[in-house]
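# Examination of the molecular architecture
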Amino acid sequence: LKKYSALHPKPAGLTLQYGTAGFRSKAQQLEHVMFRMGMLAALRSRATGATIGVMVTASHNPEEDNGVKLVDPLGEMLHPSWEEYATQLANAEDQELQKIVTDICQKAAVNQQKDASVFIGRDTRPSSKELSQAVIDGISVLGGQYHDYGLVTTPQLHYMVCCQNTQGQYGKPTLEGYYQKLSKAFMELIKKSLSSGEAQRQLKIDCANGIGALKLAEMETYFPKEVQIQIYNDGTKEKLNHLCGADFVKVHQKPPKGLDMEPNESCCSFDGDADRIVYYYKDTAGHFHLIDGDKIATLISIFLKELLAKVGQTLKMAVVQTAYANGSSTCYLEETVQVPVHCVKTGVKHLHHKAQEFDVGIYFEANGHGTVLFSKAAENTIRQLAKEEKDDAKREAAKVLENMIDLINQTVGDAISDMLVIEAILALKGLTLQQWDALYTDFPSRLLKVQVADRQVIDTTDAERRAVTPPGLQEKIDALVKKYKLSRAFVRPSGTEDVVRVYAEADTQENADALAHEVSLAVYHLAGGKGAPPQPI
Ligand SMILES: CC(=O)N[C@H]1[C@@H](OP(=O)(O)O)O[C@H](CO)[C@@H](O)[C@@H]1O
Ligand SMILES: [Mg+2]
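Residues numbered from 1 in each chain as written. Chains lettered and ligands numbered in written order. Predicted model: local features only at pLDDT ≥ 70, side-chain atom pairs only at ≥ 80, totals over all residues. Heavy atoms only, no water.

## Description of the overall build of the protein
Scanning the protein from N- to C-terminus turns up 18 helices and 19 strands. Taken over the C-alpha trace, the protein has a radius of gyration of 23 Å; the compact-globule value for 537 residues is 24 Å, and the two agree within 12%. In terms of its C-alpha atoms, the protein occupies a principal-axis envelope of roughly 65 × 55 × 45 Å. Classification of the 537 residues of the protein by burial places 58% in the buried group. In the protein, once contacts between residues fewer than 6 apart in sequence are set aside, the share between residues at least 24 apart is 69%. Accessible surface, the protein as shown: approximately 21700 Å² in total, 50% of it carbon and sulfur. Positive and negative charge centroids in the protein, built from 59 and 68 side chains respectively, lie 2 Å apart. (Helix = DSSP H or I, 4+ residues; strand = E, 2+ residues; numbered from the N terminus. Rg over C-alpha atoms; globule rule 2.2 N^0.38 Å. Buried < 20%, exposed > 50% of the residue type's maximum accessible area, 1.4 Å probe, protein only. Contact = heavy atoms within 4.5 Å. Areas by Shrake-Rupley, 256 points an atom, 1.4 Å probe, with all protein chains shown as cover. Lys, Arg positive; Asp, Glu negative; His and termini not counted. Charge placed at Lys NZ, Arg CZ, Asp CG, Glu CD.)

## Considerations on the packing of aromatic side chains
Applying the stated criterion across every chain, the model contains 14 aromatic pairs. One aromatic cluster is present, formed by Tyr159, Tyr170, Tyr178, Tyr179 and Tyr222 through successive ring pairs. Here the guanidinium or amino end of lysine 181 rests over the ring plane of tyrosine 170, the centre of that ring lying 3.6 Å away. In this structure, lysine 295 is placed above the aromatic ring of tyrosine 440, and the distance from its NZ or CZ to the ring centre is 4.5 Å. (Phe/Tyr/Trp six-rings, centres within 6.5 Å; stacked < 30°, edge-to-face > 60°. Lys NZ or Arg CZ within 6 Å of the ring centre and 35° of its normal.)

## Focus: helix α10 (residues 293-311)
The terminal C-alpha atoms of α10 lie 27 Å apart, and with 19 residues this matches the ideal 27 Å at 1.5 Å per residue to within 8%. Most of α10 sits out of view: 15 of its 19 residues are buried. Once α10 finishes, glycine 312 follows within two positions and takes phi at roughly 70°, a positive value. (Expected span 1.5 Å × (residues − 1).)

## So, the UniProt feature "domain: Phosphoacetylglucosamine mutase AMG1" (unreviewed entry) in the protein
Residues given the UniProt feature "domain: Phosphoacetylglucosamine mutase AMG1" (unreviewed entry) here are residues 176-278 and 292-430. The span residues 292-430 carries 59% helix and 14% strand; its end-to-end C-alpha distance comes to 20 Å. (UniProt positions renumbered as here; feature names shortened; annotations may be inferred.)

## Considerations on the site of ligand 1
In the vicinity of ligand 1 lie 14 residues, with Glu365, Ser494, Gly495, Thr496 and Arg501 positioned nearest. In this structure, an oxygen atom belonging to ligand 1 sits 2.7 Å away from a main-chain N or O atom of glycine 495. Take arginine 501: an N or O atom from its side chain is 2.6 Å from an oxygen atom of ligand 1. Considered on its own, ligand 1 offers 440 Å² of accessible surface; in the complex 91% of this is hidden by protein. (Near = heavy atom within 4 Å. Polar contact = N/O pair within 3.5 Å; in protein donor to acceptor, adjacent residues only side chain to side chain.)

## A closer look at the domain arrangement of the protein
How big an interface is tends to be stated in terms of the accessible area lost upon association of its parts. You can read the domains of the protein as domain 1 (2-151), domain 2 (177-290), domain 3 (293-418 + 430-437) and domain 4 (445-526). Computed over C-alpha atoms only, the centres of domain 1 and domain 4 are separated by 34 Å. (Domains from an automatic or database assignment.)

## Some remarks on the sheet that holds strand β7 (residues 227-232)
Note: strands within a sheet are paired through backbone hydrogen bonds, in either parallel or antiparallel orientation. Taking strand neighbours across the sheet as the criterion, the 5 strands line up as β7-β6-β8-β9-β10 in an open arrangement whose pairing is mixed. The open sheet has two edge strands, β7 and β10 (288-291), and neither has a second partner. On average, adjacent strands in this sheet sit at an angle of 25° to one another, irrespective of strand direction. Across 6 bridges, strand β6 (residues 201-206) lies against β7 in parallel orientation. Residue pairing for β7: isoleucine 205 is matched across the bridge by isoleucine 231. (Pairing = 2+ DSSP bridges. Axes fitted to C-alpha atoms, helices over the stretch in contact; angles between N-to-C directions.)

## Notes on the pattern of salt bridges
Inspection of the entire model under this criterion finds 36 salt bridges. Glutamate 265 serves as the salt-bridge partner of lysine 204, at 2.9 Å between the closest nitrogen and oxygen. Taken together, the residues span a long stretch of sequence, with lysine 204 in strand β6 and glutamate 265 in the loop between α9 (246-252) and β8 (267-270) at a distance of 61 residues. Judged by relative accessible area, lysine 204 falls into the buried class, the value being 9%. For the salt bridge of arginine 501 with glutamate 497, the shortest nitrogen-to-oxygen distance reads 3.0 Å. Take arginine 501: its relative accessible area is 14%, and that puts it in the buried class. Through salt bridges with shared partners, a single ionic network connects Lys376, Glu379, Arg383, Glu402 and Asp406. (Salt bridge = Lys/Arg side-chain N within 4 Å of Asp/Glu carboxyl O.)

## Concerning the sheet that holds strand β1 (residues 23-26)
Within the open sheet, the 5 strands sit side by side as β1-β3-β2-β4-β5. Their pairing is mixed. Strands at the two margins of the open sheet, each flanked by one partner only, are β1 and β5 (145-151). For this sheet, the mean angle separating the axes of adjacent strands, direction not counted, is 15°. Bridge analysis of strand β2 (residues 52-56) against strand β4 (residues 117-122) gives 5 bridges, and the strand direction is parallel. From the neighbouring strand, valine 54 faces β4, where its bridge partner is isoleucine 120.

## Let's talk about the nonpolar core
Within the largest apolar cluster, 83 residues are counted, with the highest numbers of intra-cluster contacts made by Phe270, Tyr279, Leu304 and Met419. Contact partners of tyrosine 279, with chain neighbours within four places excluded, come to Leu203, Cys267, Cys268, His289, Leu290, Ile291, Met419, Ile422, Glu423, Leu433 and Trp436. Counting residues in hydrophobic clusters, the runner-up holds 43 residues, among them Leu14, Ala42, Val110 and Ile136. (Core = buried A, V, L, I, M, F, W, Y, C linked by side-chain atoms within 4.5 Å.)

Given below as structure tokens:
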């Protein structure tokens, strides 16, 4: 351990926090973190008796950054009870490492004699190869076995881990297995719409100059010729995530660089590790229309609800959102689609966990990360109906649901899988992007960042919608919100960046901007603002 950890030394005085989705920082600061997360994965593997995944990626962050995401046995994110061990290990001084490992083994009842198995994947960042080598060293130093999948999307690695630990029930733990499972389900679905004379589908995809481009290109040969995709921002010319990708499009509400849109053409963007997707188009007047995670959740909810009604099953279905979901989507889901909506804290782990409570749990963050979870019981019922139901209409509906189950990556949000789900639904329902977009109109909103000395002075409650500290902040926000119509605002410390996020909605864009600005000033004054005060938008 001494010898190997010396090869991946911790910079003196550096402390990193386990954030919303693991560790993220400048790539040069992460060698030791990767080495130690390799160790942690080996320990976690021994504790669970299953294969654990380690993905080297910083998702939508700039190319110079990197990070690590840990994947639990069924493809979920690392269980929160282990985040503290991850933090301790990442921040231990080199000479303390042995003691921390022993401590974790004791506290988490890890049997050091057991086998350990870890799957590794990485994104296309220039730093990712070397950092994944550090992960391998960490696994090896604790005597673990590993399989390095090399370049894969984050959701592909989650899929592999789940396949491995379910002894192939979820699919084959290979890229080919992933492509075959998804494309087979997609073909079955799209066949039904093709026979009804649907025209060829075309889609322009901005891959954020990341891993999504490589994997989509690999998968293209599996697509039916009726679906034509065109890949943009494939990483051959420009920098990862630079002025493109799902996060850029969502935050700036404008098209990515490097993708020319004709009016009413269907377009979408992946993020840097292909676990998020947003759709968009430009209308004939040249206006940009964003179709975000909330609208994706709505489309999927409508479709699944109709199918469940057709098969005559009363399965418990719900949508899970965060406070960032546009208020208009929540109203539409509750009142028009009539499906219960739950709000949880930011971060996929919280959404995923809540969605597991239902037979059909649909979860999406507004930024486009999401998926659908089917309970084992619901899945069994559907598969049985698809095979044995005598009533033709019911059986056909059950078959569509069965293919949906296979097409959806239930382990985590997956841009490739979500895209195919959306394309299949649009084709089957004969909907255009414009019709989908018109389901409801988003309330005007604004998302801002405020720099403060220590963002942890802000503590929140009620799924992050209310601030309990610092004193006076929530009262101030309440008073500001009252000044505007149809308004709402909240603040919370980011879990991935050193900033406080401010979100506001109001009746007009000007008012949403003004409210967001006023709340930013309140944060700046009451929560230890740093640098120049926030400027009006
Ligand atoms: C407002 C927003 O988009 N927040 C993002 C962002 O988290 P923050 O904790 O807000 O920094 O990154 C997370 C990880 O990718 C993602 O899950 C989340 O939705
Ligand atoms: Mg991502």
